[in-house]
Amino acid sequence: MEALIMIGQLLLGLSILVVLHEWGHFAAARYFGIKVEKFYLFFDAFNFRLFKFKKGDTEYGIGWLPLGGYVKIAGMIDESMDKEQMKEPPKPWEFRTKPAWQRLIVMLGGVTVNTILGILIFWMATFVYGEEYLPNEQVKNGIVAYPVAQEIGFRTGDHILAINGKPLERFHNIRGPEVLYGNSDVTVLRGGETLNVHVPESILNKISEPGVGPEHFIAERMTFFVKEIQEGSGAANAGLQRNDRIQSINGESVRFFDELVDKVQDHKGEEVDLTIERDGKTMSLVATISDEGLLGIGPGTNDFEYKTLKFGLVESFGIGMDKAWGTATDYVKGLERIVSGKVSAQKSVQGPIGIAKIYGGEWKWPRFWILTGFLSIVLAFMNLLPIPALDGGHAMFLVIEMIKGGPLNEKIMERAQLIGLAILGTLMLFIFGNDIWRLFQ
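Residues numbered from 1 in each chain as written. Predicted model: local features only at pLDDT ≥ 70, side-chain atom pairs only at ≥ 80, totals over all residues. Heavy atoms only, no water.

Trainee: Talk me through the packing of aromatic side chains; I want residue IDs and the actual numbers.
Mentor: The final tally for this structure, using the stated rule, is 19 aromatic pairs. Arranged with centres 5.4 Å apart and planes meeting at 70 degrees, the rings of Phe224 and Phe257 form a pair that is edge-to-face. Linking Phe224 in the loop between strand 11 (218-220) and strand 12 (225-229) with Phe257 in helix 8 (residues 257-265), this pair joins segments that are 33 residues apart in sequence. One aromatic cluster is present, built from ring pairs that chain together Phe26, Phe39, Phe51, Phe53 and Tyr60. Over the face of the ring belonging to Trp93 we find Lys35, whose NZ or CZ atom lies 4.9 Å from the ring centre. Against the face of Tyr133 rests Arg170, its NZ or CZ located 4.3 Å from the ring centre. (Phe/Tyr/Trp six-rings, centres within 6.5 Å; stacked < 30°, edge-to-face > 60°. Helix = DSSP H or I, 4+ residues; strand = E, 2+ residues; numbered from the N terminus. Lys NZ or Arg CZ within 6 Å of the ring centre and 35° of its normal.)

Next comes the structure, spelled out in C-alpha cells:
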C-alpha cells in the first residue's frame, strides 16, 4: 500500500506540473494565433497512447510514458523533428512566421507558469496550513548524532545553540541547506562547555548515501513509549503492548530511544530480558531480536510541544515568495556544487523513484503541496538551462536571432535539436539508472 501511495502522489504531482507547464506554451501560442496540433500529458512514444480526443485544431491525450509531456506547435523545430512540415511553404498560423519576440514569449510560457505555480503553492500552503516547527528550546535532551554527524565532531547529547553565529530557533534547520551544503559552523553546548563544530562541503556526499539522508544526520533525542507494534515481530511475540515503557534490556538501563536502538543492535538474533512499565507497574518479558537487529516497535514521545504559526492572506504571500526564492537559490547552490565536482552527482541526483520516496508512503497534503511547489520551481529553473530541446535552448536561439536580425539556418537548428535530445537522453539514462542502483543498494 505504501508503494501505491508513493506512486500515486508522484503521478499526481507530475501531472499537475506537466499539464500547467505545457498549458503555458499552449496559451501563449494560441494568443498569438499559432496553431497547436497536440497537447499531451506523458509521451505517446511509438504512437501509442492511453487516451485521446480532438477539439478544434488540437488533439488532446494521455501517453503511456510518464516522463513529462509536450505540445506540438505547428511550424516549429522541436523534439518531434517533423521535417516534412518544415519543407512546406510557411503559413500565417505557424510558429516560424511570427516575430521573434512572440516566439520567445511562447517558449517562456511554461517556465513562467511553473514559477507562478510554485509561488502560488507556497503562498496557499502557508495560508492554509501555517508553519509547524519544533522550537529548539523544546529539545531538552539534546541531539542524537548519527555516524555521519559523529565523523565531523557532533556527539549524542549535544545541545545545538547556533548556526553560523545565528541562534537556532527552529530545530529542523539543523538539517537544512545552510548546514548540509557545508562550509558552516555550528555552535553546541557539551558538558557545560561551548564548542564549535565545522561542517565541511563534503558532508552532502555522505548525507546522500543510500540509507542515510538528512533524517539520519542529526535528530532530537527523546524519551519514549511503545506507540506501534509490528505484527509477528519479537515485540509482538513477547507480549509488549502499546503505551508500555521499556526501562532496561538485560539489566542495562534504557531511557532514550537511541539507547534502545543501540542495545538492540548489540543483540541481533538473541533473546533478551526486558523490564517494562505498564500502567504504573513493573513487569519482565522475554523478547527475541531479529537477525537485522530489530525489536519491532514504533516509538511515541511526549517530550516536545510543536509550535504552529498562522498568517493572514497578504502576509502569507510574502512568506510564499521568500520560500520560492529560497528554493531556487538553494537549488542553484546545490547544482553549482555538483557541476564543480564538490558533490557527487551519483549520490545527490534524485529521479522519479527518489522523488516518490520523498513524497512518502503516507498521504499528507501539507507535505504533498510543499514538495510539489518545490518541484515546480525546480522544473522552471531546469527548463531555463540553455540546452537545445529545452525551453532555455529555444529561447537562447531566439535571442541570438533577435540580435542577429534574422533567423538561424534550419539545418543548424535541426542539428542543435538532435544534440539537445542526445544530451537529455543521456541525462535521463543516468538519472534512471542511478535511481535503480540506489534502490537496490
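Trainee: Go over the packing of helix 3 (residues 100-129) against helix 12 (residues 365-383), please, and point to the residues and values.
Mentor: Their axes nearest at 8 Å, the elements helix 3 and helix 12 cross at an angle of 155 degrees. By the angle class used here, helix 3 and helix 12 are roughly antiparallel. When the axes of helix 3 and helix 12 are compared, the crossing they make is left-handed. Residue-level contacts link Val111, Asn114, Thr115, Leu117, Gly118, Ile119, Ile121, Phe122, Ala125 and Tyr129 of helix 3 to Trp365, Pro366, Trp369, Ile370, Thr372, Gly373, Phe374, Ser376, Ile377, Leu379, Ala380 and Asn383 of helix 12. Residues of the contact of helix 3 with helix 12, tallied by class, amount to 15 nonpolar, seven polar and no charged. (Axes fitted to C-alpha atoms, helices over the stretch in contact; angles between N-to-C directions. Parallel < 35°, antiparallel > 145°, perpendicular 65-115°, else oblique. Left-handed = near helix turned anticlockwise from the far one by under 90°. Contact = heavy atoms within 4.5 Å. Nonpolar A, V, L, I, M, F, W, Y, C, P; charged D, E, K, R; others polar.)

Trainee: How would you summarise the pattern of salt bridges if you had to cite specific residues and measurements?
Mentor: Within this structure, the stated rule accounts for 16 salt bridges. The partner of Arg221 in a salt bridge is Glu259, and the shortest N-O contact between them spans 3.6 Å. Taken together, the residues Arg221 in the loop between strand 11 and strand 12 and Glu259 in helix 8 connect sequence positions 38 residues apart. For Arg221, a relative accessible area of 13% corresponds to the buried category. Linking Lys364 and Glu362 is a salt bridge whose minimum nitrogen-to-oxygen distance equals 4.0 Å. With a relative accessible area of 39%, Lys364 lands in the partly exposed category. (Salt bridge = Lys/Arg side-chain N within 4 Å of Asp/Glu carboxyl O. Buried < 20%, exposed > 50% of the residue type's maximum accessible area, 1.4 Å probe, protein only.)

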